[in-house]
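# What the coordinates show
The lines below spell out each chain.
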2 protein chains.
Amino acid sequence: MIYVNLPKQRPQPITLEEVATRAGVSAGTVSRVLNGKNKENRPAIAKRSEKIRQIALDLGYRPNAAARSMLRGAFRTAAFVTCGDPGIDWYPITGLNGIHAALTELDWRLIYNEMPASQIGDPDIVPQLLRETAVDGLIVNLLPYFVEETVDYFEAQPLPCVWLNIKREVRSVYPDERTGGEIAVESLTRSGHKRIGFFSRSFGNPIHYSSIDRLGGFQQAIKLRDLSSHRHLPLQSARPDRGAFQQRAEQFLSSFPDVDSVICYESAEVSSLTVAAERIGRRVPDVLEIIGFSERNIHDTFGMNAKSLIIPFHETGRQAVNMLQRILETGNRDASSIAIPYSLLED
Amino acid sequence: MIYVNLPKQRPQPITLEEVATRAGVSAGTVSRVLNGKNKENRPAIAKRSEKIRQIALDLGYRPNAAARSMLRGAFRTAAFVTCGDPGIDWYPITGLNGIHAALTELDWRLIYNEMPASQIGDPDIVPQLLRETAVDGLIVNLLPYFVEETVDYFEAQPLPCVWLNIKREVRSVYPDERTGGEIAVESLTRSGHKRIGFFSRSFGNPIHYSSIDRLGGFQQAIKLRDLSSHRHLPLQSARPDRGAFQQRAEQFLSSFPDVDSVICYESAEVSSLTVAAERIGRRVPDVLEIIGFSERNIHDTFGMNAKSLIIPFHETGRQAVNMLQRILETGNRDASSIAIPYSLLED
DNA sequence: TTGTACGCGTTATCAG
DNA sequence: CTGATAACGCGTACAA
């Protein structure tokens, strides 16, 4: 007898019991057969098992994930958390790709969740994700604007969580931005360039570690090769006014009129710089070669003539999943953070 | 007695039973109190209920979503599906934002799922999402390259699904691209422009409806105002070679040397066209004003001097959720498709 | 190898 | 308003 109010007309999914009834065996047997727990040595058994599998297939049997989760005491589900605030939030799709890929290998599900910055401090608002027990762990991508308080907030939850794209001592996975600068300089010098600059419109308070490290990696690589450095503007923390992006690009080019190649912090800098260069008659890439950090190929995506230093977000996502799984398996939360090196420079 | 192998040291979540024990009442009572099923008229009752709530809070009780799902016969979960193939896949983050926002209002969860194009035809590969019963419905975003077969594949599943960003008669939600062209032309004419062009690098086979409709909306708006049309290159279906993006922009400018303003299919066209224009000394936006279709503000994101016609993906996502919910509630799968009009033109 | 019985956590029902 | 009970679907220990 059904005593729970069910939505009208929802076709009930097939249960183990129904498969069992059709096959003339018990539910336990069907479960064992479908899960391959029988050896099926004797031909008669094998044949009957085959029949059971066929019936399950015909009926479209799909085990109920909730029932399995209950029995198991775990959900085989991780949640990706990001702030989602329009205009503020940013996260790489390639990172989601990597997380999904790694979870798929484990046969886990991925829950996508947004938590607005405005809600995270508020004790009255408990987001749905934390109101119920529904996932085994969190993979959190948050912006530097509110890292301090937010880290504590999540770490206080009874769920293991790993961090994306922030530099911490434990439980974080992030691109090793310094190696990017090295690869870019290496590529440019191999092409014969000697007067290499670094262009960034970086802003934000505090400044994201990637702004500091991409510049740092560039400077280190330049020094290593005894090339003169200093072809970059100082980092700025205030958000630029409207139109200031172009101005900054123009300022960069007039400050360093001799640059023959530039490494750009992101694709936005590539566009701005390309426009500013063409405006003063310096053709890209003939006269000015550009390499930009980007989550995806800059030429194919934006139509700019620049090489792309692919930020290893995909691998970052994969490793975050692995770290989370290790924490869950061992129960040991003290996982050292991992820096993922760059390796791809695409045309 | 525990008879299931549990992962080592996983701290067991608090159950209703434990809260009940601490409070000296039964589990049923705790459930009722926490769910507000009691009126709590008498002061003594109210006080005891308060105590129960406090204990639940102290212990960090969080209802188990799996248990609830089982009892309910539904998961309160929808899955967003996209192909995820690197370099091929594309979907707007703002769409995810909209889906998440609408689901949050319903207190539903969102599962993120990728299904590679290569797997969808393959009967031997059943993706995890469809192997278990774990969601109530699907919201599917797929590219035109393999729509035909894919639609059938998903529609054959025992799950209700709605479609994103494709034009179909039923169960799809998509931006009404024609209104975008209207708004753009309206804005440009108000600024005094009369020689308006439309630039697209569109490719793909079949060509996506947005390529056809953005151009169509533009042409209609031009005709409506008795402005001469034809300032656009023919659509092309073959994927352009490397570097062809810039060439196409240059070709556009040399074909229509008199254009005073251009509507671009996407932000990539905005960049390419801006560079090509600056290269021949036509400054943007002084001499050539540009408006581009984009999921997000083109100036802020890419540093280009162009206005942004914000594609209503957010609303598209919201409406898709609403449609799915209506289908689930009524059991009636025949939901007419919805075209979401444009409204935002950002500086 | 099979059927039986049990329990995972929660909530609706029903008698007190 | 409360406690006891049953039931959701599944997987496994147990005895046959």
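Residues numbered from 1 in each chain as written. Chains lettered and ligands numbered in written order. Predicted model: local features only at pLDDT ≥ 70, side-chain atom pairs only at ≥ 80, totals over all residues. Heavy atoms only, no water.

Turning our eyes to something else, we now look at the protein's contact with DNA strand D. As a matter of local geometry, DNA strand D sits amid 28 residues, with Leu16 and Leu71 of chain A together with Thr29, Arg32 and Glu40 of chain B nearest to it. Atoms of DNA strand D within 4 Å of the protein belong to the sugar or the phosphate in 64% of instances, the rest to bases. At 2.9 Å, a side-chain N or O of Arg32 of chain B approaches a base nitrogen of DNA strand D. The side chain of Asn38 of chain B places a nitrogen or oxygen atom 2.8 Å from a phosphate oxygen of DNA strand D. (Near = heavy atom within 4 Å. Polar contact = N/O pair within 3.5 Å; in protein donor to acceptor, adjacent residues only side chain to side chain.)

Now for the sheet that holds strand β7 (residues 261-264) of chain B. Residues and elements named next belong to chain B. Reading across the sheet, the 5 strands line up as β6-β7-β8-β9-β11 and stay open at both edges, with mixed pairing between neighbours. Edge positions in the sheet fall to β6 (196-199) and β11 (345-346), since each has one partner strand and no second. Relative to strand β8 (residues 289-294), β7 runs parallel, the two being bridged by 4 bridges. Along β8, the bridge assignment pairs Ile263 with Ile291. Each of β6, β7, β8, β9 (307-310) and β11 is contacted by helix α9 (residues 177-190), which is oriented at about 160 degrees to β8, the strand it contacts most. Helix α11 (residues 244-255) rests against β6 and β7 of the sheet, and its axis sits at about 160 degrees to β6. (Pairing = 2+ DSSP bridges. Helix = DSSP H or I, 4+ residues; strand = E, 2+ residues; numbered from the N terminus. Contact = heavy atoms within 4.5 Å. Axes fitted to C-alpha atoms, helices over the stretch in contact; angles between N-to-C directions.)

Least-squares fitting of chain B to chain A yields an RMSD of 0.1 Å, with the superposition described by an axial translation of 0.0 Å and a rotation of 180 degrees. Put plainly, the chains are arranged around a two-fold axis. Looking at chain B, 97% of its interface residues are interface residues in chain A too, so the copies touch through the same face. (Least-squares fit on C-alpha atoms with pLDDT ≥ 70 in both.)

All names here are of chain A. Alternating positions in strand β4 (residues 161-164) separate into two faces, Cys161 and Trp163 on one and Val162 and Leu164 on the other, with burial throughout. In terms of strand pairing, strand β3 (residues 137-141) meets β4 through 4 bridges, oriented parallel. In the strand pairing of β4, Val140 is matched with Trp163. Across 2 bridges, β4 lies against strand β5 (residues 172-175) in parallel orientation. Bridging across to β5, Trp163 finds its partner in Ser172. (Buried < 20%, exposed > 50% of the residue type's maximum accessible area, 1.4 Å probe, protein only.)

Next up on the list: the domain arrangement of chain A. Assigned domains within chain A: domain 1 (16-63), domain 2 (74-175 + 315-340) and domain 3 (177-310). Its C-alpha centre places domain 1 of chain A at a distance of 62 Å from the equivalent point of domain 3 of chain A. (Domains from an automatic or database assignment.)

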